[in-house]
Amino acid sequence: LHDVTDRDDPDHPPLLDDLGLTEALRNLIKSMNADHNMVFKLFNWGEEGDLPSEVKINLYRIVQEAISNIIKHSGASVAQIHLSRTEEGVDLIVMDDGRGFDGSERDEKVVHLGLVSMRERAERIGGSFSCPVSEQGAVVAVHIPQASVE
């Protein structure tokens, strides 16, 4: 097993240490906008500060998984990524204007593994994860409390 802070680990994007989470996400969004026929937008509030490497890696990977699900399953034209840092911690919200999912057995099979992976990543860094069932777009929300990002 690799330590998630190991820069040689393929799970560790080098931009995270060099530029920080916000800039790494900006680069990811720029790439997605160039490669896909939909619009991705990043909104950032608050200073990122000195987040632990494990927090940055897992939040980045959650965004990647959410974007992958949006591209494959949503039929969305616009997706938004909101990242905020407050005195309460870090909040990440990824939403789209696609078809959402209704919680049916078919939908559960399609989105289940990605949701499990995102939930596990959020919990691994002391956070909470939610993805409410909706037929009008999907929303993935992660909250990492301040105690976990100090």
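These numbers were taken from a predicted model, which means no experiment stands behind them. (Residues numbered from 1 in each chain as written. Predicted model: local features only at pLDDT ≥ 70, side-chain atom pairs only at ≥ 80, totals over all residues. Heavy atoms only, no water.)

## Some words on empty space enclosed by the protein
In this approach the atoms are scanned with a rolling probe the size of a water molecule, which exposes any empty space left behind. All told, the structure shown has one cavity of 30 Å³ or more when counted by the stated rule. As a volume, the largest cavity reaches approximately 40 Å³. Residue lining of the largest cavity: Leu21, Asn44, Trp45, Gly46, Glu47, Glu48, Leu51, Leu83, Ser84, Arg85 and Val90, and that is the complete set. Of all the secondary structure elements, the ones that give two or more residues to the lining of the largest cavity are strand S1 (39-45) and strand S2 (78-86). Sort the elements by how many residues they give to the lining of the largest cavity and S2 lands first, with three residues. Classifying every residue of the lining of the largest cavity gives five nonpolar, three polar and three charged. (1 Å grid on protein atoms, 1.4 Å probe; cavity = no way out; pocket = protein on both sides within 12 Å on 5 of 7 lines; lining within 4 Å. Points joined across faces, edges and corners; volume = space filled by probe spheres on them. Helix = DSSP H or I, 4+ residues; strand = E, 2+ residues; numbered from the N terminus. Nonpolar A, V, L, I, M, F, W, Y, C, P; charged D, E, K, R; others polar.)

## Comments concerning the confidence of the model for the chain
Of all residues in the chain, 85% have pLDDT values of 70 or greater, and the mean over the chain is 85. Per-element confidence in the chain is highest for strand S3 (residues 89-96), whose mean pLDDT is 97, and lowest for helix H4 (residues 105-124), whose mean pLDDT is 77. Considering only residues more than four positions removed or in separate chains, one finds that residues 1-8, a stretch of pLDDT under 50, has 15 contacts. (pLDDT = per-residue confidence, 0-100. Contact = heavy atoms within 4.5 Å.)

## As for the sheet that holds strand S5 (residues 139-145)
Reading across from one edge, S1-S2-S3-S5-S4 is the order of the five strands in this open sheet, with mixed pairing throughout. The two strands at the open ends of the sheet, each matched to only one other strand, are S1 and strand S4 (128-130). When the angles between neighbouring strand axes are averaged without regard to direction, this sheet yields 10°. Packed onto the sheet, helix H2 (residues 21-35) meets S1 and S2 and runs at close to 165° relative to S1. Across the sheet, helix H3 (residues 53-74) touches S1, S2, S3 and S5, and the angle it forms with S3 is around 10°. (Pairing = 2+ DSSP bridges. Axes fitted to C-alpha atoms, helices over the stretch in contact; angles between N-to-C directions.)

## Some words on the nonpolar core
Counting residues in each nonpolar core, the largest one holds 38 residues, and the members touching the most others are Leu59 and Leu92. Those elements that provide at least two residues to this core are H2, H3, S2, S3, H4 and S5. With nine residues, the top contributor of residues to this core is H3. Not counting residues up to four positions away in its chain, the partners in contact with Leu92 are Leu59, Ile62, Val63, Ile81, His82, Leu83, Val140, Ala141 and Val142. (Core = buried A, V, L, I, M, F, W, Y, C linked by side-chain atoms within 4.5 Å. Buried < 20%, exposed > 50% of the residue type's maximum accessible area, 1.4 Å probe, protein only.)

## Some points on the pattern of salt bridges
For the structure shown, the criterion picks out one salt bridge. Arg26 is the partner of Glu23 in a salt bridge, and the nearest nitrogen-oxygen pair spans 2.4 Å. Of this pair, Glu23 and Arg26 are both found in helix H2, three residues apart, which corresponds to roughly one turn of the helix. Taking the relative accessible area as the measure of exposure, Glu23 reaches 31% and is therefore partly exposed. (Salt bridge = Lys/Arg side-chain N within 4 Å of Asp/Glu carboxyl O.)

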